[in-house]
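Here is how the chains run, residue by residue.
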Amino acid sequence: MGRIGKEVSGQTLCFIGFVGMCLTCGIPMWRVTYYIGANIVSGQIIWDGLWMNCVMQSTGQMQCKIESSLMALNRDLQAARALTIIAIIVGFIGVVFTFIGGRCTTCLKNESSMAKTVILGGILCIIGGVICLIPVCWSAAYTINDYENPLVPATQKRELGACIYIGWGASLILLLGGIILCTSCPPREDLYPNNPNMYPYQGPMMGPAGPYAPVKTYAPSVAYSGTYVPNKPYAAPAYSAVPGQYR
């Protein structure tokens, strides 16, 4: 897979994961309670979310109530509010960075800067996926423990809602997309750029290694017949009184 294919696939996965995080935060289906009375007419379904609670009657009527107080929620949902908002913000910044540094856009011109921006966006998407995974797993563990608790009445037992599964899927997709984007390594910087005023240097040609042989000496072609006189006196030239003239 080429670099453009990696970026497009990573951007698509990160965008899908970001949409999944938004759905996880907005849909009031973190916990679901099914209650059936003496007959099916009195049955109802209760949905618990981060921002509102909804009750659907067996007749098809639905009533939703917005949570007016944060302290009315359980601890896991209180933390889920903050963590999902942080995950959405981090994921949004990461997705924007991936599109800014992508080769399919013209926001940046330098290849190295584009690759580094894409890698930064992938890292932010991975962080957003991890942050989104924490409240989803926490709420799922809380709901399972509450469901298996024998002291809780059967009419108050809650089950995992659709948002838990959407959050798991969105986190995994964000992690996968971020990992793919992080593999878009920047090109190597050219230490010796193409300069028309520079000439390429070719090193000496080295032959194959052979047996060692001493350096060959050659006899002089003409014998020196002169005599060497050490400490020969040297007469200094005489200078004229007029500048620039010699005698």
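Residues numbered from 1 in each chain as written. Predicted model: local features only at pLDDT ≥ 70, side-chain atom pairs only at ≥ 80, totals over all residues. Heavy atoms only, no water.

1. A word on the confidence of the model for the protein chain
Caution applies to low-pLDDT regions: their predicted coordinates should not be interpreted in detail. In the predicted model, the protein chain carries a mean pLDDT of 78, and 70% of its residues have values of at least 70. Of all helices and strands in the protein chain, the one with the weakest mean pLDDT is strand β1 (residues 31-35) (80), whereas helix α4 (residues 162-182) scores best (92). (pLDDT = per-residue confidence, 0-100. Helix = DSSP H or I, 4+ residues; strand = E, 2+ residues; numbered from the N terminus.)

2. Details of the nonpolar core
Cys-14, Met-21 and Trp-30 are the most contacted members of the largest nonpolar core, which has 23 residues in total. Mapped by element, the contributors of at least two residues to this core are α1 (3-26), α2 (75-100), α3 (111-148) and α4. Here this core gets six residues from one element, more than from any other, and that element is α3. Discounting chain neighbours no more than four positions away, the residues touching Met-21 are Ala-87, Ile-88, Gly-91, Gly-128, Cys-132, Ala-170 and Leu-174. (Core = buried A, V, L, I, M, F, W, Y, C linked by side-chain atoms within 4.5 Å. Buried < 20%, exposed > 50% of the residue type's maximum accessible area, 1.4 Å probe, protein only. Contact = heavy atoms within 4.5 Å.)

3. A word on the pairing of strand β4 (residues 62-66)
Counting buried positions over the five residues of β4 gives zero, only a small fraction of the element. Sheet topology note: the strand β3 (residues 52-57)/β4 ladder contains five bridges and is antiparallel. Each residue of the ladder has a partner; that of Cys-54, found in β4, is Cys-64. (Pairing = 2+ DSSP bridges.)

4. A few points about the packing of α1 against α3
Angle between the axes and distance between the axes are the two parameters that describe a pair of packed helices. Axis separation between α1 and α3 bottoms out at 11 Å; the angle between their running directions is 30°. In terms of axis orientation, α1 runs roughly parallel to α3. For α1 against α3, the interelement crossing comes out left-handed. Across from Arg-3, Glu-7, Cys-14, Met-21 and Thr-24 in α1, the residues of α3 making contact are Glu-111, Met-114, Ala-115, Val-118, Cys-125, Gly-128, Cys-132 and Val-136. (Axes fitted to C-alpha atoms, helices over the stretch in contact; angles between N-to-C directions. Parallel < 35°, antiparallel > 145°, perpendicular 65-115°, else oblique. Left-handed = near helix turned anticlockwise from the far one by under 90°.)

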